[in-house]
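Chains, contacts and geometry: an overview
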Amino acid sequence: MRRLATTLEDWQSTLSDVAATGARLLALWTERAPAAVHAAFLCDGAALVVDLELDYGEMTYPGLSDLFPAATRMQRAAADLTGVSALDADTRPWLRHSAWPREYKPLAPRSIDYAGDGVPPPDDYAFVRVSGDGVHEIPVGPVHAGIIEPGHFRFSIVGEKVLKLEERLGYAHKGIERLFARTKLDEGHRLAARVSGDSAVAFSWAYCQALEGLARCEVPERAVWLRALALEAERIANHLGDLGALGNDAGFAFGLAQFSRLKELWLRALDAAVAQRYLNDFIVPGGVARNARDDLLKRLSDAARTIGNEAATLRSIYDEHAGVSDRFVGAGAVAPDLAARLGLIGLAGRASGQALDLRVDLPCAPYSELEPAKSGRDEGDVAARVEVRFDELTESLRLVREIVERLPPGELWAELPQVEEGARGIGLVEGWRGPVLVALTAGPDGYVRRCHPHDPSWQNWPVLEHAIIGNIVPDFPLINKSFNLSYSGHDL
Amino acid sequence: MWKTLGKIGSIGVISEPAPEPDDALRVAEHLQDEIRVLLGRALCIRQVDAGSCNGCELEIHALGNPFYNLEGYGIKFVASPRHADLLLVTGPVARNMELALRRTYDATPDPKLVVAIGDCGCTGGIFGESYATAGRVANVIPVDVAVPGCPPHPSRILAGILTAIRATRSG
């Protein structure tokens, strides 16, 4: 992890240099006292954080959105939370709707515990209007028609064809970053695990990695391997769920029945092995919370084999089903050059020619020894995102069996050394959706000063607006599901 | 086609018996027993994520899998509160969702039931109350049954739904 300190004078030229290397924006966050901007990149195969500390009284900085379009919403969110604002064109609020006043900055030092003022009034957000003969709007959400997280989609359409989609997010904003600053360093992993429930392992691992980095804590080998087991288990559960839901959204209920059955079998195997269906709070600072008995792990490994065989049969059924192919192929396509320009990342990126997987390209232990195979497609449509999921499911099931085979004996947990106030750490883990980053700064008395958890959905939500253009409205649920982005992980 | 049919045939029926309703999950009485019994025959649920981390949603989804087979009891999820008898609400209620949750409740025809799901729905959980969250679901709309857990097991969620629609033992 390299950090590069800049000043207002060389901030833009530094960013231009970073952009010229073809770097990917991983995250952007700001803080107060002193006011500062931080941007994390994947640059030349390594992680790089560019820091900009602003002069006293200075609260604005030149934005990144010309170089990295994905930065726009991150900058708007950061302005809502700290008041440190980019000078880019789009200054509409993002996470702040109408529940708290514009002047209230939850991450400003010594800001009060604002308790709200009655039921928040309706929020009049300035959507971009599309006009023309026959153009009309369909507003959807924040309460959606299925069992889905809250968000608002504004479609501008002609007939059934989508001309433009504009997303309005932030409905699930829970004040996580302010809460972090009231959390002890050795308890923050619990909050991290609840940033996005489907990525609990990825976030708690990234948090612990950041903490262990700044505390210089050596995690025992067995714990590291068990963490990888948990991360792959999470990927398997999510991919099984998505593959079923995608079949269902294409009108093939058989797919949902079968994959939801396999997912339940997998969760029960996990429950039997480590006494948890979803592994939130399994990863703790210094190691893991529980051991797993060898005979139970052997059964988990057997379950991985059975599920792998069944998934292979289901894959051939999906492949041969004309109706399913008709819906999958060509829907919601994002071409590789557009994906590169917009900074599409993670699973959806790999389906659009962006061959980046931290487990392969920037591996932490034990992935350097496991050598997972990277999956990729160039078509960028729903079918490609389904194929990448099938490939990764197969590979993760294989990895689980390999991890169980090679799991070293030893301690599960190491004592966390004393942490120095002001120490900074970064955690970076390839979750099932893509790279999950946690930036952590230690405060006084064992508390967190600043923690920014970052889900790859930040980068990918804006790309969904492009993926839907020219498609028909009824294909939106399918296209949306094929990305399956996080609302909670983004809204924080 | 033969592969699909073969798969269906080889697995057969794997649905498990329903859990017992649990009066310990009941927090309030808003409906008469006769109405509950009628609703229980064909219950329509509108799920509302009022700001959860999405963990509870994963286990609510599991209710539809062949093991828990929710639809086998005549219970189904519907796309509009206007079609619903019961709201299944997760999350600490994010203040950005407070108005939407109230409107969803108002749009649900009487008589109606509300089941709050998860530690956050029951108490506000790890998020509590702040500038951004209004805390537990009962702070915003009346709740009949609350199911704790992080996330609760699908069989507990099912027990909570069945508790809500069953007449109280004491009558």
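The structure displayed is predicted, hence computed values, not measured ones.

About the cut-offs
- Residues numbered from 1 in each chain as written.
- Chains lettered and ligands numbered in written order.
- Predicted model: local features only at pLDDT ≥ 70, side-chain atom pairs only at ≥ 80, totals over all residues.
- Helix = DSSP H or I, 4+ residues; strand = E, 2+ residues; numbered from the N terminus.
- Rg over C-alpha atoms; globule rule 2.2 N^0.38 Å.
- Buried ≥ 20, exposed ≤ 12 C-beta atoms within 10 Å, placed from the backbone.
- Contact = placed C-beta atoms within 7 Å.
- Pairing = 2+ DSSP bridges.
- Axes fitted to C-alpha atoms, helices over the stretch in contact; angles between N-to-C directions.
- Core = buried A, V, L, I, M, F, W, Y, C linked by C-beta atoms within 7 Å.
- Domains from an automatic or database assignment.
- Nonpolar A, V, L, I, M, F, W, Y, C, P; charged D, E, K, R; others polar.
- pLDDT = per-residue confidence, 0-100.

Another point: the overall build of chain A. From N to C terminus, chain A includes 17 helices and 14 strands. By the compact-globule yardstick of 23 Å for 492 residues, chain A fits well, its C-alpha radius of gyration being 22 Å. Within chain A, buried positions represent 54% of all 492 residues. A separation of at least 24 residues holds for 69% of the contacts in chain A among residues at least 6 apart in sequence.

What follows concerns the sheet that holds strand β9 (residues 161-168) of chain A. Residues and elements named next belong to chain A. Across the sheet, which stays open at both edges, the three strands sit in the order β7-β8-β9 with antiparallel pairing between neighbours. Taken across any chain shown, the strands that pair with only one partner, and hence form the sheet edges, are β7 (136-140) and β9. On average, each strand axis in the sheet is tilted by 20° relative to the strand beside it, whichever way the strands run. Alignment of β7 against strand β8 (residues 152-158), held across five bridges, turns out to be antiparallel. From the neighbouring strand, V140 faces β8, where its bridge partner is F153.

Attention shifts here to the nonpolar core. Among soluble globular proteins, nonpolar side chains are generally buried collectively. Grouped together as the largest cluster of nonpolar side chains are 208 residues, with contacts concentrated most on A206(A) and V115(B). For this core, the element with the most residues is helix α6 (residues 221-249) of chain A, which contributes 15 residues. Each of domain 1 (1-109) and domain 2 (176-456) of chain A gives at least three residues to this core. If sequence neighbours within four positions are ignored, A206(A) has contacts with G427(A), L428(A), V429(A), V436(A), L437(A) and V438(A).

Let us look at the domain arrangement of chain A. Residue and element names in this part refer to chain A. Domain parsing of chain A yields domain 1 (1-109) and domain 2 (176-456). Taking only C-alpha atoms, the centre of domain 1 and the centre of domain 2 are 27 Å apart. Every contact between the two is made by 19 residues of domain 1 and, on the other side, 16 residues of domain 2. Looking at the side of domain 1 that touches domain 2, the elements that each hand over two or more residues are β2 (24-31), β3 (36-43) and β4 (46-53). Among the elements that line the side of domain 1 that touches domain 2, the one with the most residues is β2, at six residues. Residue classes in the side of domain 1 that touches domain 2 are distributed as 15 nonpolar, two polar and two charged.

Contact with chain B, which involves 41 residues of that partner, is made by 48 residues of chain A. Elements represented by at least two residues in the side of chain B that touches chain A include exactly α1 (2-11), β1 (43-49), α3 (55-62) and α4 (95-107) of chain B. The leading source of residues in the side of chain B that touches chain A is α4(B), at eight residues. The residue makeup of the side of chain B that touches chain A, split by class, is 21 nonpolar, 13 polar and seven charged.

So, on to the environment of A35(A). All names here are of chain A. Residue placement: A35 occurs in the loop between β2 and β3. Classification of A35 by C-beta neighbours within 10 Å gives buried; the count is 21. For the pair A35 and A108, spaced 73 residues apart in the sequence, the C-alpha separation amounts to 9.5 Å. Every residue in contact with A35, bar those within four places of it in the chain, is listed here: L54, E58, M59 and V84.

What follows deals with the confidence of the model for chain B. When pLDDT is averaged along chain B, the result is 90, and 95% of the positions lie at 70 or above. The ipTM value of the predicted complex is 0.94, and its pTM value is 0.95.

Okay, helix α16 (residues 476-483) of chain A next. All names here are of chain A. Of all eight residues in α16, seven are buried; the element is thus mostly enclosed. Listing the buried residues of α16 in full gives F476, L478, I479, N480, K481, S482 and F483. Of the residues flanking the end of α16, it is N484, one or two places downstream, whose phi is positive at about 40°.

All right, on to the environment of G57(A) then. Residues and elements named next belong to chain A. Positionally, G57 belongs in the loop between β4 and β5 (60-61). Taking the C-beta count within 10 Å as the criterion, G57 has 6 such neighbours and is therefore assigned exposed. Remark: the alpha-carbon pair of G57 and R299, spanning 242 residues in sequence, is separated by 61 Å.

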